[in-house]
Structures are given as C-alpha cells and as structure tokens.
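Chain by chain, the residues run as shown.
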Amino acid sequence: MTAVDSALRATRTTCPYCGVGCGVLATPDDRGGAAISGDPEHPANFGRLCSKGSALGETLGLEDRLLYPMIRCSKGTMERVAWSDALDHVAHRFAHIIKRDGPGAVAFYLSGQLLTEDYYVANKLMKGFIGSANVDTNSRLCMASSVAGHRRVFGSDTVPGCYEDIDEADLIVLVGSNAAWCHPLLYQRMILARERRGARLVAIDVRGTATTETADLALTIQPGMDGVLFSALLVRLAETGQINQSFVENHTEGYDETLARARAIAPDLAVAARKCGLEEQVLSEFLDLWCATERVVTLYSQGVNQSWQGTDKVTAILNCHLAAGRIGRPGMGPFSLTGQPNAMGGREVGGLANQLAAHMGFSPAEVDRVGRFWRASRMATREGLKAVDLFEAVGRSEVKALWIMGTNPAVSLPQADDVRTALRNLDLLVISDNVRSNDTIAVGAHVLLPATAWGEKDGTVTNSERCISRQRPFLAPAAEARPDWWAMAQVARRLGFGEAFAHDGPAAIFREHAALSAFENDGSRDFDIGALAQLSDAGYEALAPVQWPLASGANEASARLFADGRFFTASGRARLTAITPPSLARTPSAESPLLLNTGRIRDQWHTMTRTGLSPRLGSHLPEPFVEVNPQDAKTYGLVHGELAEIRTAHGRAILRVKATTAQEPGRLFAPIHWSDETAAGARIGALIHAITDPASGQPDAKSMPASIAATSFARQGLILSRTRLRPAGDGIYAWRAIEGGYVAGVATNVPAEKLFAGLCAACPDAERMHYHDPARGTFRAAFIAEHRLVAVIFLGLDDRETAYASVAEMWKANQLDEPMRRRVLAGKSASSDVDMSPTVCACFGVTSRAIESAIGDGASSTLEIGARLKAGTNCGSCLPELRKFLASRNDVAA
Ligand code: SF4
C-alpha cells in the first residue's frame, strides 16, 4: 500500500462525491486534517472544485468514525474484537450458511463509492468462488436504467462520448438532470460552452431547478412523459428529412418498427404536446432546435433513470441520436451522467447482479471465459438478485447472510421501513463502513468492520466519461480501519480460496482487472484496458487519469466510441428499439392526490454521513423540506415556513413547507438526504414504492402518489449541543453541524420540562441555568461545563435565526465571562453584526444577508456581487441563487 508522504506534500487524488470525478490536491496538515484544492492537471475539472469538493477538509474528523471491528455479543451489545476474530466469525458464519442453505442464501450489497479494486474482489469472491451472483450495489438506484438502455441498444454498457463533446456542442440538452446542483463543475463547463461558442442550453424537467432557471429553453413536462417527447423528436426527424439514411441503413437495425411505435405514441404535435403538458409552440421550438443542430449532446440522469420505464426513456433518447447519426463524433451524442464517484468502475468489474465482469454477461461462453481466467472453483451461472429483489428476498428469509459495504439501505432504498424489518430477519448482517452509526447499523448489525475512508483509501475510480483516476491516500488509516478489498480477501482465504485472493495491494488487483478486460477480447467487448495489465507498482502509483478503451498495444485511449459505426451487438449494428407507451406506475387518487418527486440538493451528499460534518455545507438548506406550489399550499392549508405531513401508501414524513412556483400544481418535491441519524421522520425512502423497471430493476422514485396536510406542534425552538443527540419521537426535528458542535431545529409536543430533563441526563455534570415563562410559552436553558457552553435549549421563540444569533458568540467562546453568562438566556443578540442567515455561497461562506446587503449597496450583477464578496466566483453553483436575489431586488424596485 502507498505510504503517506511524511513531507506533507500535496497528494493527487479524486473527489469522493459525484460522477464528474474531479481531481483534488490534498495537503495533510499533520494534525489529521488537510488543505484541499482542485487539481489543475485533472481533465475533469482543471483545478476547480464545487462547494462539496471544496469542503472536503471539514469532513476528515474521527468523531463519528468506526475505529475497531465489533461483534454483537450474547447480551445484544456490540463489543470490540480483534480483526482476526471478526474475520474468523464472518467466514465461519458464511461457510455455515452456504453449506446449509446454498450459495443463493448469501449476498453482498455494495456502493458506488467503493473503489474499483474493492468492487473487483467482491465480485470475484461471490461470482467465482461462492457461486452466487447476489452482488448488487446502490448504483442500482442511480443509473441501472442507463446500463440496461445501453446494453439493449448498443449491445454494451457504453457511454460513447466525453466531456470535450460538451465544449464542442452547439446544443446541450439536459433531461431529468439538475446538473447545476448535482454535477456542478460539468454544468459550469456547459455555461462556458454557451459563452465561448454560443451553445444553446435546453433543460427538460418536471420542476423548476437551478438548471432550468439558467437554460435558454426550459420544458416543464408531465411526470413520466420523457418517452413521448423523444418519440415526437424521432417523428419530427423523420418528417423533416433529418434522418441520417446512410447511418441508419449501414449501422442500425429496427428503425422502421421504432419509428412506427414513435408515431403511435406521438402521432402529431398536438397530441405530443398535450401528453407532455407543454404548449405546442414550446415543444415545436425544441424539436426544431434539436433537428437543426448537428452538434447536439443529450445528457440525462436520475430524472430519466429512476422510473419504472427508465430503460425505455434511455432507449428513446438513444434512438434519436442513432436515427440522426449524431453519435461517435465531436460535439454530439447521448450522455448518461453518473451520480456516484465510481458507479462506472462498479459497472466495469460487474458490480451489478446481472453483469459478470469486464462488461460480460451470463451467457455460457462468458461464464466459461471468466471462470477460466479466474480459475474459479464455483462460477455463478445466472444473474443474481437486483437490489430491491435482494432485500425482498431477505424479508422472506431466502437470503440469510448479507454483507453491506459503504452504503445505508435503511435510508436509501424504497419502502425503507420494509427494508429495516427485512434486515432484522438475517442470520448474519455484516457491515463494513467508516462511520460508527447510521440507520442501517442501528437496525442491528452482527459484525461491524471498520473501513478506510476517503483520504485513506488507495485505488481507482472511473467517472462519467470513462476516465480512470487514482484515489490516493494522504492520511494514515484511522486506528484499525482497513480497505474493503483486504477484509474480503481475508475472508476468502478463510473460506479456502487463498490462492485466488493473494493480492498484495490494490495495484495487483488492478492489473488482474485490466488483464481480464483484455482476455479473449480482440475488440469484441467495449471495455478493454489491456494496456494497463502490466503496470508496475510504481506505474500504478503514478497513474495519470486515463480514458478507456485502452487495448494492449494501443498508444492512446479513444475519447469516443462508435466513431466507426460498429456496435457490440451480434450483428454489429445498433438496435433501435420501440418503447412501451409512456405512463405512470401509479396515478394520483382521491386519497393521494399529489405526485411526490425526490432528489438531491446542492450541498449534501447521499445520507449526509460525510457532508453533514461540514458547517458551511449544512447552512445552505439546513432542514428537510417539501416544495409545493403556492396554489396547492392554499388548497391544503399550508403555510410557507411551517410544517406539513406528507403521507404515501408506505410511510409519512414531517417536512418544512417551501411554497414555490418552481413546483407545478399537483406535484411535490422532497430531498433524499435526511435519515433518522439527522432528523426525526424525514426519511423519504420510506415513502417511496418499490416498483422497479422490468429491464433494469431500478426503482421508480420520481412519481409517488402522496397527500399533504398542515401539521403543528405545541412548541418549536432549537437545541445546541457539543455532541449530536439522537433524535427521539417527534422531539427533535433536524440536526446540522456548526462550529464546535451541532444545532437542531425542534418541533415537539414533548413538554419543555421533559426535554430539559433529557438534556440534564445527557450533561450530568454541567452547571444548569434555566428560564421558564409558561404564560408566553417560553423556555430557555443552558448547560455550562468547564466555563464553556455545552448545551442550550430555546423553546417558544418566534424566530430561530434570532435565537441562534443570540447565543452564537457565547457558543464560540472557550471561556464564558460574567456578562456573557448573563446574556446566555436573554434571547437577544448583543450585536446586530451577528449574521446567522443561511449560506448561499458555500465555497466562500457568503450568507444571504451579506448578499442582500451588497445588492442594497449597489451591486447590480453577479459579477459585481462576486467582486465584493467572492460569492459565485469558484464553482458557480450559487449563481442561479444570486440571480434570484438580484431579480427579487429588481421586482421590489419596480
Ligand atoms: S463536481 Fe463537485 S462533487 Fe462532483 S466531483 Fe467535482 S468537486 Fe466533487
């Protein structure tokens, strides 16, 4: 393994968040932290980082880390054990269950945040030696429909283009993708293409987002109707003579049937516009623009993929690019944006249950080929269980042992409450993670294995444009944390497969992975990195970002695939495929009259186990919320800023209401990030049905029938604490990190005295002060230890921002002086300079109040705001919000 540089030089590594895959320079500070900046030499970001990437240095602490292996003992508590004991236990229990119930009774559930080397070993062990293909990953929730669409149409899971196509496009179309927030640096590249070469930007979505706000043309379509829109496009291409006849005749099949189906779905403009919920003129403008622009890139992500017809939606987009012959050449092509840093690496090694390895499937020839390469003792011969099916099988006790690595399915899977129940059925639940606690661990793991975290990991990841980059360690592993591949290899040895898992480090695993990609390939498979199969350890250490394919003997990688019109189907032709008429999996009803959409926000990542540690990321959108159209807010008696209860057939959540015209009437939007660790009753996965796309197995997470009603609690307020207290009942609403601790917004029916008693129990040795005014419903208490505030509770204040501001100075103080002690419970800020308003620019910590003040002082453009405050001058993901501030100022002025 790579030694950490003792000279404290900058280490080149990669960001652990989205699929853009930005290069990062990390310079350790010798105190367990590191200075973070963008890598100017990385081709994904050329030195820039978004708000999440910039804040990576704030997420390196050990406070929440799992540091030692633990096993649940007979009393039900988790006890620290030696690694050898934990590994013996895992191997012994797996062996016992495999012997008793067969290999299908065990499974791995992985994460798009694992490194390729971890993924490779997991896949090899399960599919080659245990004899089951029950290896699936949270990438199933993210981009499985793109994989299925690619394989159906191209014959391979190929993203044909590269980021340079964005630089060279004249038209950039984003479908179901809020790239401005979810792929910020790629989005900035799109904006640059607009500025430099006049590229037009079109955003197609069911709601208004930071992306639609900045697009030249925004199409707000009906949920589930993307297939209608792209059917209308295929029809328009045919009717206007824009079909590339030569490409279609020489390189595709299925065109006539596909066009006939498109005509049935979108027979004319009026029908297509009605189904899509668009004005005819708007739809027509888009169709004309796409037809008339040779250099067009169509990018798509979760809005397309997370649908019960996700594979068809992807197919409809691919059909159009193929029919127009706009693929494989500079500035054009369909482009699936991956959500996670190594979703692509997982696909390369076969991390999905319906893939084998190196982009091979389960045909007898492929099973035989991989089996010979691995010298496998027990090859799986058929596909395993995809994520939703896997957890349902756990619920039926058909899968009895599950090893989860680096993911939190009790939050992220649909019908998440059912997942919790299912997990309790397991004979053996092993969790490898770097956090000590999350919702899945809380269900009751039998074994916890401490995994290395970002900054300690050593291996490779592949981004959305097939670019393989090194993730290098710049910190020593925390305590007894070990790489996931190492833990699996140790278990494999104990199961008797030591020879096949004798890798001495990630470089050896990578070489084997590269060699398998080239094994009996000869150009028959898209994924080939045979040129890297002989990489020395030093070469692996120094490996610069490289795009595949990179076959043995090739001097350089190909930036684009399909330039020669040859595809990886049996005929060598792309298969245009007729799609099923678009519809919703479930339509609204009298009981559930609204459609709930789910997604990500700008500054949080997945279930917040890392981004939740950063105070500046937490202050952009600090609480779980639901967006609702103002008309619906009126209909359902909701008040902006107050609380509402959302109900579906599967669960309920309490969320803060944001009334906004960004939501169409009849639709709701709620973010996915909050868990029971960070909030009470805000797990959105629990509300979503487990209906999946039949081809991809990806859950339908964007159109869930739901109801909404105003709800209220006897008292609201906030709690500050040095440690994060576990939310209980309806007592605590949402925690976020602040400097020196945590703050939680509270909405509760629990009497103030009971909350106070709870804090007294949590701070038993602290000095207590409290103030209670039952007539006004005001309760304030403070806990002081070693002359420092350790906890504060304020209930009954109208304005939580003011309440927070009133104690901010004392909270930060290491030593409370007497005047400070007197002010703690005053509920008023001593100085109007204390600014606790939400952060808008997370890169430079610029608040909404500072921006309003700059505009008030005459800043009239984003450039001028940037010049005064730096806001918007780094990653640019706050620029849409800056424009909103400017627009609302202009409205007021008008
Ligand atoms: S865009 Fe942001 S989150 Fe995505 S890889 Fe780059 S720095 Fe990380």
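Remember, it's a predicted structure, so these values are computed and weren't measured experimentally. (Residues numbered from 1 in each chain as written. Predicted model: local features only at pLDDT ≥ 70, side-chain atom pairs only at ≥ 80, totals over all residues. Heavy atoms only, no water.)

**Section: the overall build of the chain**
Thought 1: When you go through the chain residue by residue, the secondary structure sums to 32 helices and 34 strands.
Thought 2: Along the first, second and third principal axes, the C-alpha atoms of the chain reach 80 × 70 × 55 Å.
Thought 3: Looking at the chain as a whole, 63% of its 894 residues are labelled buried.
Thought 4: Accessible surface computed for the chain: about 31,500 Å², of which carbon and sulfur atoms make up 49%.
Thought 5: Of the charged side chains in the chain, 92 are positive and 98 negative, and the gap between their average positions amounts to 2 Å. (Helix = DSSP H or I, 4+ residues; strand = E, 2+ residues; numbered from the N terminus. Buried < 20%, exposed > 50% of the residue type's maximum accessible area, 1.4 Å probe, protein only. Areas by Shrake-Rupley, 256 points an atom, 1.4 Å probe, with all protein chains shown as cover. Lys, Arg positive; Asp, Glu negative; His and termini not counted. Charge placed at Lys NZ, Arg CZ, Asp CG, Glu CD.)

**Notes on the nonpolar core**
Thought 1: Membership of the largest hydrophobic core comes to 94 residues, with the highest contact counts inside it found for Ile172, Met190, Leu299, Ile646, Leu655 and Leu668.
Thought 2: The element contributing the most residues to this core is helix α7 (residues 184-197), with six residues.
Thought 3: Ignoring sequence-local partners within four residues, the contact set of Leu299 consists of Ile166, Ile172, Val173, Leu174, Val175, Met190, Phe335 and Leu337.
Thought 4: Leu356, Met405, Leu449 and Ala487 belong to the second-largest nonpolar core, a separate cluster that totals 68 residues. (Core = buried A, V, L, I, M, F, W, Y, C linked by side-chain atoms within 4.5 Å. Contact = heavy atoms within 4.5 Å.)

**Section: the site of the ligand**
Thought 1: Lining the immediate environment of the ligand, one finds Cys15, Tyr17, Cys18, Gly21, Cys22, Leu49, Cys50, Lys52, Gly53, Pro184 and Leu185.
Thought 2: Assessed atom by atom at 2 Å from the grid points, the ligand resides in the second largest cavity.
Thought 3: Contributions of two or more residues to the shell around the ligand are made by α1 (51-54) and α7.
Thought 4: Its residues placed into classes, the shell around the ligand shows eight nonpolar, two polar and one charged. (Near = heavy atom within 4 Å. 1 Å grid on protein atoms, 1.4 Å probe; cavity = no way out; pocket = protein on both sides within 12 Å on 5 of 7 lines; lining within 4 Å. Sits in = over half its atoms within 2 Å of the grid points. Nonpolar A, V, L, I, M, F, W, Y, C, P; charged D, E, K, R; others polar.)

**Quick look at helix α3 (residues 116-130)**
Thought 1: Along its 15 residues, α3 runs 20 Å from first to last C-alpha, staying within 8% of the 21 Å computed at 1.5 Å per residue.
Thought 2: Counting buried positions along α3 gives 15 out of 15 residues, so the element sits mostly inside the fold.
Thought 3: Gly131 occupies a position one or two residues after α3 and carries a positive phi of about 95 degrees. (Expected span 1.5 Å × (residues − 1).)

**Structural notes on the domain arrangement of the chain**
Thought 1: We note that the domain assignment places domain 1 (11-59), domain 2 (77-142 + 344-461 + 481-498), domain 3 (155-336), domain 4 (594-711), domain 5 (715-823) and domain 6 (839-893) within the chain.
Thought 2: A C-alpha centroid distance of 35 Å is found between domain 1 and domain 5. (Domains from an automatic or database assignment.)

**Here we look at the environment of Arg511**
Thought 1: Secondary-structure assignment places Arg511 in helix α23 (residues 506-518).
Thought 2: Residue Arg511 is classed as partly exposed on the basis of its relative accessible area of 21%.
Thought 3: In this structure Arg511 touches Leu532, Ala533, Gln534, Leu535, Ser536 and Asp537, once residues within four positions along its chain are discounted.

**Quick look at the packing of aromatic side chains**
Two aromatic rings are characterised by how far apart their centres lie and by the angle between their planes.
Thought 1: The full count for this structure, using the stated rule, is 22 aromatic pairs.
Thought 2: Taking the centre distance of 6.3 Å and the plane angle of 85 degrees together, the rings of Tyr120 and Trp374 count as edge-to-face. Of this pair, Tyr120 sits in helix α3 while Trp374 sits in helix α17 (residues 364-374), placing them 254 residues apart in sequence. For the pair shown, Tyr120 and Trp374 are each scored as buried.
Thought 3: Ring pairs connect the aromatic residues Phe154, Phe247, Phe562, Phe567 and Phe568, which therefore count as one cluster.
Thought 4: In this structure, Arg207 is placed above the aromatic ring of Phe669, and the distance from its NZ or CZ to the ring centre is 3.6 Å.
Thought 5: Over the aromatic face of Trp548 sits the side chain of Arg466, whose NZ or CZ is 5.7 Å from the ring centroid. (Phe/Tyr/Trp six-rings, centres within 6.5 Å; stacked < 30°, edge-to-face > 60°. Lys NZ or Arg CZ within 6 Å of the ring centre and 35° of its normal.)

**Section: the sheet that holds strand β32 (residues 788-795)**
Thought 1: A sheet is described by the order of its strands in space; here six strands give the open sequence β28-β29-β27-β32-β31-β30, paired in antiparallel fashion. Each edge of the sheet is formed by a strand with only one pairing partner; in this case those strands are β28 (734-738) and β30 (767-773). With strand direction ignored, the average angle separating the axes of adjacent strands in the sheet is 10 degrees.
Thought 2: One ladder, built from five bridges, connects β28 with strand β29 (residues 741-748); its direction is antiparallel. The partner of Arg736 across the bridge, within β29, is Val743.
Thought 3: Strands β27 (715-721), β29, β30, β31 (778-785) and β32 of the sheet are contacted by helix α27 (residues 752-762), whose axis makes an angle of about 10 degrees with β31.
Thought 4: Against the sheet, helix α28 (residues 800-812) makes contact with β27, β28, β29 and β32, and its axis sits at roughly 165 degrees relative to β32, the strand it touches most. (Pairing = 2+ DSSP bridges. Axes fitted to C-alpha atoms, helices over the stretch in contact; angles between N-to-C directions.)

**A short note on the pairing of strand β23 (residues 643-647)**
Moving residue by residue along a regular strand, the side chains alternate between the two faces of the sheet.
Thought 1: Counting buried residues in β23 gives four out of five residues, a clear majority hidden from the surface.
Thought 2: Inspection of the sheet shows β23 paired to strand β24 (residues 652-659) by five bridges, in the antiparallel sense. Residue pairing across strands places Leu643 opposite Arg656, the latter belonging to β24.
Thought 3: As consecutive antiparallel partners, β23 and β24 are separated by four residues.
Thought 4: Summarising the sheet, β23 and strand β26 (residues 704-711) pair through five bridges and their orientation is antiparallel.

**Side note on unusual backbone geometry**
Thought 1: With an omega of 5 degrees, the peptide bond running from Trp548 to Pro549 counts as cis.
Thought 2: Backbone geometry at His359 places phi at a positive 60 degrees, although glycine is not the residue there.
Thought 3: With respect to the helices, strands and loops of the structure, His359 is situated in the loop between α16 (343-349) and α17.
Thought 4: With a phi angle near 45 degrees, His606 is a residue other than glycine that sits in the positive phi range.
Thought 5: Locating His606 in the fold gives a position in the loop between β21 (594-599) and α25 (615-618).

**A look at empty space enclosed by the protein**
Thought 1: Applying the stated criterion across every chain, the model contains eight cavities of 30 Å³ or more.
Thought 2: Space inside the second largest cavity adds up to approximately 110 Å³.
Thought 3: Looking at the lining of the second largest cavity, the elements that each hand over two or more residues are α1 and α7.
Thought 4: Of the residues assigned to the lining of the second largest cavity, the class counts are nine nonpolar, two polar and one charged. (Points joined across faces, edges and corners; volume = space filled by probe spheres on them.)

**Re the sheet that holds strand β17 (residues 459-462)**
Thought 1: Strand order across the open sheet formed by three strands is β17-β18-β19, with antiparallel pairing between neighbours. The sheet terminates laterally at β17 and β19 (546-547), the two strands that pair on one side only.
Thought 2: Direction of pairing for β17 relative to strand β18 (residues 467-471): antiparallel, over a ladder of four bridges. Following the sheet pairing, Thr460 is matched in β18 by Arg470.

**As for the side chain of Thr293**
Thought 1: If you trace the backbone, Thr293 turns up in the loop between α13 (280-292) and β12 (296-300).
Thought 2: The buried category is assigned to Thr293, whose relative accessible area is 12%.
Thought 3: A distance of 2.5 Å separates the side chain of Thr293 from the backbone oxygen of Leu289, its partner in a polar contact.
Thought 4: For Thr293, the residues in contact, after removing those within four places along its chain, are Asp170, Leu171 and Arg326. (Polar contact = N/O pair within 3.5 Å; in protein donor to acceptor, adjacent residues only side chain to side chain.)

**Quick word on the pattern of salt bridges**
Once the charged atoms of two side chains with opposite charge are near each other, the side chains can pair.
Thought 1: Summed over all chains, the structure comprises 47 salt bridges.
Thought 2: Across the pair Asp29 and Arg31 runs a salt bridge whose closest N-O atoms are separated by 3.5 Å.
Thought 3: The exposure class of Asp29 is partly exposed, given its relative accessible area of 27%.
Thought 4: Here Arg396 and Glu398 are joined by a salt bridge, their closest N and O atoms 2.8 Å apart.
Thought 5: A residue is classified by how much of its surface remains accessible, and Arg396, at 48% relative accessible area, is partly exposed.
Thought 6: Through salt bridges with shared partners, a single ionic network connects Asp417, Arg420, Asp439, Asp676 and Arg683. (Salt bridge = Lys/Arg side-chain N within 4 Å of Asp/Glu carboxyl O.)

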